[in-house]
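Chain residues, written in single-letter form:
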Amino acid sequence: MELPVVCDGQVPLGELLSRVAQATYAELVELAETLPNMSDAARKRTLADWVVKTKKQVVKLYAVMKWARDADTVQTCMNITAFLMNQNQQFLDVIDRLTFAKESLDPARLRNHDLLTSLDVLTSGTYKRLPSAIKEYFIPVPPLSDAEVLKTLNAIEDTIRYRLRMTEIIPVEMSQHRIAGGRVHFNVPRLFETSLCLRGAEKDDGWFFVSVKFLFKVGGDATGNREFPQEPAGLLKQHFADEANARMAYYLPFPETAGVLPNIEKPERPKLPEGTIDAPLVRLYNFLQMMSLSYQLEILWYQAHRMRSLGWADHLKVEMLNNRKTLFVSYWLRPTPQNISGQSQTQSRMKLPPHGGTLTISIVESRATQQAGGGPARTPVARMLADLQQGAKSGELRPSDEVEGLKFDVRWEPMKGTLGVTVNQEEALASAGRLEVDSENLDFEDMLVRVIHVHTRSILLHFQSELRRGPTRNVFSPEGKVILDSRGDYHQLRVHLCADEVAVISIDTRTGRMNLRDTGDLAAAGRGPRFATITDSLNENPKMLLEALSRLRLHTITDSVEQKAKYLGFQVFRYRNFSKEEIQKFGLTARGTIYIQLARFPSHYLVLVITEEDFRYALISVKVLTDSMFANMIMEDIGWLDVRRIRGDRGLRTPREAVISPLSNEANQQRKPHAGASAQDVLREDSFNLDTQTLRELYAYCCARVAYTRVELQLKRRGIPYTHVNPTNSLPPSELSHIQSSLAHSVPALCVQSSDILSGAPAAEAAMPNIRVIPLNWWSDKKAQVVTCVKLKYVQQPVGKRAAARATNNIIRPSKRIVYDATEAVVSFLSENVDACVDEFLEEWARVSKMVVIAREIARMGKERKWQDVQLLSFDLQTVEFAYAADYTVSISCTDQLSPTGGSFELRFSRSAPTSRPTQLASLAPPPMPVSLRRPRTNPHEEAEPYLRQILRHGPLATSLYRLVGLLRDTLPVVVELDRMITSAREQAGQDRSNAISKSSIDEPWFDAFIKGLGWWRVLYGDLRHALDLRLMTDKRVVVLDASCSLFQRSSGPRTEEDTESLAFQPIPDFRNLVTEAVRSARPPGVVNKERVAVIDIGVVCEGGSVGPVLRALHERVLKKLKEQALG
């Protein structure tokens, strides 16, 4: 026999591994999708949480795998256990079957034999003892006719009427009755309606119960009407009838019944005491009264339990006491300390009652006082009627039973210390009104909720009084700050925190827990967890309400300002690493601070100091203590801002009032109250309603003040005095005039003297005395800038296409940092770096002033030197472009004017566009070529730019400029001819390469021309052993000589660099004859030429424009000679 295999409660290890791996992979995929959208801190926190959770799962899985090693052994044990349990069950089944057989066989026996009937049949041959029930069943009684029925009913009605009027004691409460249908119907308002009938007309014939109807209506849920019918039916009605008949026949003898066994003795009935008369209707009234009240109490108990099943189970306790005559309900049950997770009883800050209050509904007997005669509590009229009835019907005899005056007694008792509040019970009961059970509307929930609402309102009234008169009265005492809102049966306490932020305090009707929620604009901004935490703390220690609301108010103000600051893109901090001594500088009234770091000035903060009444605004500069362990900060400067004056009342202060003041004790001084109490209330109401526009302007104002401070610091370091001027018209009517702010008139401008700031700068005399320094962009997100405005005394008017292209409405912007207003003659220098704005201004001024000098001197050259070719083409304060001969132009600009070397100049050579005007006679340029034969226009002076720029750095600028222009004009024939020679050689080489017969055994000799120095050019031939040198001499003369010779050769003494270099070249063969032939070719006989040419031993000296033809002829002959020598 094999053991059974049991797999109950076991999971395959592979499936477990698969699920863990899939879950880990799914979480990783989700993290990969969500982490990129998180901040760095949130990303790290999420990863850390995931790693910890996954590590726990992996460790559990590892432990399971360790346990899985013994899986086979465990499986075998489980199979053996299952086998033994199966055997045991079989034994138990056998025992049960045997026991069942024994019990079922015991009654399986024959009944005793009927000996009497057997004897009758044997002796007489028939039955003598047939049961009467069989006779009555088979032989029906003849029915009464209608007349007999009416006669019988009328007779019984007369009997009932007689007995009720003459002998029966009727309780006054049952005095309303009617006789109809052979019975009497009693109606007791708000209790019951019952009907009775007499057994007969004899004196000892008593009453018997017919029916009853309880007079009540179940309120609330409609299901109560089905659960509690007004008229009992079936078995319940039979119980009522039996009990009612037994009570009414308590003193009557048992009726004579036939067929009763003679050996059975009848019990004796109680006998009436002497001097009493039987009162069965009184006993019936007492019974039905108790049944009606108990029935109503059971309905209320059922409704209370139904409330527990609908969510009140943990907070409502329902008990039935005193033999189910008292309904005891406790509401607002608090969990016991051991049921509170993570909290022990010793950690509770205050001892609170276990429940909020009790509601007790009892059935009590109301007795009249001894002075009134005792008995049930009745009205005087009812008591008089009862006495008259008793005297008329019983005489001196007294009734056997008295009426029990039962009623409901409803008591409400609020517990002391509920939510930390002791409610004045008398005032609370007066507010609740009369508590009673209304049989016309049995609704326990309505009664309980009404009591709870009164309790809630009393607690909230106490909280309102504490807020207005307690330690926080300065904040919450004004009218409208704390309002008890009672709308119907719903009560809540609305506490105005700041602006439109309102905290609502309510008490849950079901749980009795205090709830704190928000109704302001930030209700959906994720502040739910904070309110939940505060609510939990308040329910554990309600005495913390004042402190919690104060903290909540501070946090709400902070959140509101922080949200608006972040909306504007500001960097906001709630705390900075200041010591307590540093924070005390904000004053004793400071309750919180918000630091807004100025983006362009990280060491400065706009601080919003939160007091009990309003904001205070300060601008501080901080310094980080690098030697401290936690990088503590200290405040170097602090200045208090008046937002009213900044925004509105600008005329109430002078410009000096806006300057950041040094650290003062102003924060420790209490503000003076306003003139009237109403104004103070308005101030408190609107003090924390900080709109984004005001915050933006405060931020901009602080940026402006810091920018001005940085500029002032630079001026102080240079020893430049400055003054503050009225900020009106702070910017000139220029291209920068649109860059303005609404606070521009609140910030003073700086004014310096040109003699102070331009001391030692070139062309300082060109500036007017006053120079304005104005920071810009401090009101926007752009980088802060500083504009320095200089009005010129005289200026060379900008000319040229470049100036015209950059001009708009007489506004010229030659560069990003310079704007010139030609109408007002104002130059605005724009600096991107506030901390170096003075240095940048001086640099730009040095550049602009030099350009002004150059432009002015160029304009004079044509008249003073009679250089008609020299013309000013373009001038835009940054660059001067002019023509120094015909269409040969040069552009001059300067850079690094504040460098220790004095700055440098940049020269850019070009050719102007061709014109159809005839060449002037005094022009140094060669005659123009036809348009079709013109090559790309270049300026051959471009290669000499590194040497020519150095001329402007030596000596006065005007003198250096004249020397530069003269040198350009004197060397122009040389560079033009060299450029023509190189261009022609390159074109010829291109034609030869395209010709098929150009192939030869010997390569074509080549040459190159380049500059050697200022006024020195060299033509180097292809063999690299021969060269021509061209040197500029005085009086516009040019010497062309063999490079192997030097103009500065001496018979003795050390050799110069030029002498050493000339030793590397070989003399050109037959150079003297080649020079003579070249001069003759360039100056044929009979042609008159003003320029003189002189042949010397090592070359030729040319004057003026004759150097071109001579150099061309000599170069052709030297090149031909060197070719022949190379071929030979």
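Reference entry: report on the structure contained in this document. Please read all numbers here as calculations on a predicted model, not as lab measurements.

From N to C terminus, the protein chain includes 27 helices and 37 strands. For the protein chain, the computed accessible surface area is about 64400 Å², with 53% contributed by carbon and sulfur atoms.

If you walk through the whole model with that rule in mind, you get 19 aromatic pairs. Judged by centre distance (6.1 Å) and plane angle (50°), the rings of Phe192 and Tyr285 are tilted. Taken together, the positions of Phe192 in strand E3 (residues 192-198) and Tyr285 in helix H9 (residues 280-312) put the pair 93 residues apart, joining distant regions of the chain. Judged by its relative accessible area of 0%, Phe192 is buried.

In this section: helix H8 (residues 235-248). For H8, spanning 14 residues, the distance from its first C-alpha to its last is 20 Å, which sits close to the expected 20 Å at 1.5 Å a residue. The complete set of buried residues in H8 reads Phe240, Ala241, Ala244, Asn245 and Met248. One side of H8 holds all its buried residues, which, seen down the axis, span an arc of 125°. Packed against the buried residues of H8 are E3, strand E4 (207-214) and H9.

Enumeration over the complete set of coordinates arrives at 42 salt bridges. For Arg367, the salt bridge is made with Glu365, and the minimal N-O distance between the two is 3.4 Å. For Arg367, a relative accessible area of 43% translates into the label partly exposed. A salt bridge links Asp559 to Arg530; the nearest nitrogen and oxygen atoms lie 2.5 Å apart. Of this pair, Asp559 sits in helix H15 (residues 545-567) while Arg530 sits in helix H14 (residues 528-540), and the two are 29 residues apart along the sequence. On the basis of relative accessibility, which here comes to 9%, the residue Asp559 falls in the buried class. Residues participating in the shared-partner salt-bridge network are Arg530, Asp559, Glu562, Lys566 and Arg574.

With respect to the helices and strands, Ile634 occurs in strand E19 (residues 633-641). Sequence-wise, Ile634 and Glu582 are 52 residues apart; in three dimensions their C-alpha atoms are separated by 6.5 Å. Ile634 has contacts with Phe578, Glu582, Ser621, Val622, Lys623 and Leu625, leaving out every residue within four places of it along the chain.

Let's shift gears to the sheet that holds E19. The strand order across the open sheet formed by five strands is E15-E16-E17-E18-E19, and the pairing between neighbours is antiparallel. Two strands in the sheet have a free side with no partner beyond their single neighbour: strand E15 (571-573) and E19. For this sheet, the mean angle separating the axes of adjacent strands, direction not counted, is 30°. Strand direction decides the pairing type here: E15 and strand E16 (residues 592-598), joined by three bridges, are antiparallel. Directly across from Val572, in E16, lies its bridge partner Ile596. Strands in contact with H15 are E15, E16, strand E17 (601-610) and strand E18 (615-624); relative to E16, the strand with the most contacts, it is inclined by about 10°. In the packing of helix H19 (residues 692-717) onto the sheet, contacts are made with E16, E17, E18 and E19, and the angle to E17 comes to roughly 140°.

Looking now at the packing of helix H11 (residues 425-432) against helix H12 (residues 444-469). Think of two packed helices as two axes; the pair is described by the angle between the axes and how far apart they sit. Direction vectors running N to C along H11 and H12 enclose 130°, while the axes themselves pass 10 Å from each other. With respect to H12, the element H11 is oriented oblique. Handedness of the crossing formed by H11 with H12: right-handed. Residues Ala428, Ser431 and Ala432 of H11 form the contact with H12, whose own contacting residues are Arg450, Val454 and Ser458. Of the residues contributing to the contact of H11 with H12, the split by class is three nonpolar, two polar and one charged.

The element E17 is extensively covered by neighbouring structure, given that eight of its ten residues are classed as buried. Pairing of E16 with E17, which is carried by seven bridges, proceeds in the antiparallel orientation. By the bridge assignment, Tyr595 is partnered in E17 with Val607. Linking two consecutive strands that pair antiparallel, namely E17 and E18, is a turn of four residues.

This brings us to the sheet that holds strand E35 (residues 1037-1042). Read across the sheet, six strands follow the order E32-E33-E34-E35-E37-E36 without closing on themselves; strand pairing throughout is antiparallel. Unpaired on one side and paired on the other, strand E32 (1007-1013) and strand E36 (1093-1096) mark the two borders of the sheet. The mean angle between the axes of side-by-side strands here comes to 20°, regardless of whether they run parallel or antiparallel. Pairing geometry for strand E34 (residues 1027-1032) and E35, over five bridges, is antiparallel. Of the residues in E35, the one forming a bridge with Leu1032 is Val1038. In this fold helix H27 (residues 1107-1127) packs onto E32, strand E33 (1016-1021), E34, E35, E36 and strand E37 (1099-1103), with an angle of close to 25° to the strand it touches most, E33.

The rules behind these values
- Residues numbered from 1 in each chain as written.
- Predicted model: local features only at pLDDT ≥ 70, side-chain atom pairs only at ≥ 80, totals over all residues.
- Heavy atoms only, no water.
- Helix = DSSP H or I, 4+ residues; strand = E, 2+ residues; numbered from the N terminus.
- Areas by Shrake-Rupley, 256 points an atom, 1.4 Å probe, with all protein chains shown as cover.
- Phe/Tyr/Trp six-rings, centres within 6.5 Å; stacked < 30°, edge-to-face > 60°.
- Buried < 20%, exposed > 50% of the residue type's maximum accessible area, 1.4 Å probe, protein only.
- Expected span 1.5 Å × (residues − 1).
- Arc of directions from axis to C-beta.
- Contact = heavy atoms within 4.5 Å.
- Salt bridge = Lys/Arg side-chain N within 4 Å of Asp/Glu carboxyl O.
- Pairing = 2+ DSSP bridges.
- Axes fitted to C-alpha atoms, helices over the stretch in contact; angles between N-to-C directions.
- Parallel < 35°, antiparallel > 145°, perpendicular 65-115°, else oblique.
- Left-handed = near helix turned anticlockwise from the far one by under 90°.
- Nonpolar A, V, L, I, M, F, W, Y, C, P; charged D, E, K, R; others polar.

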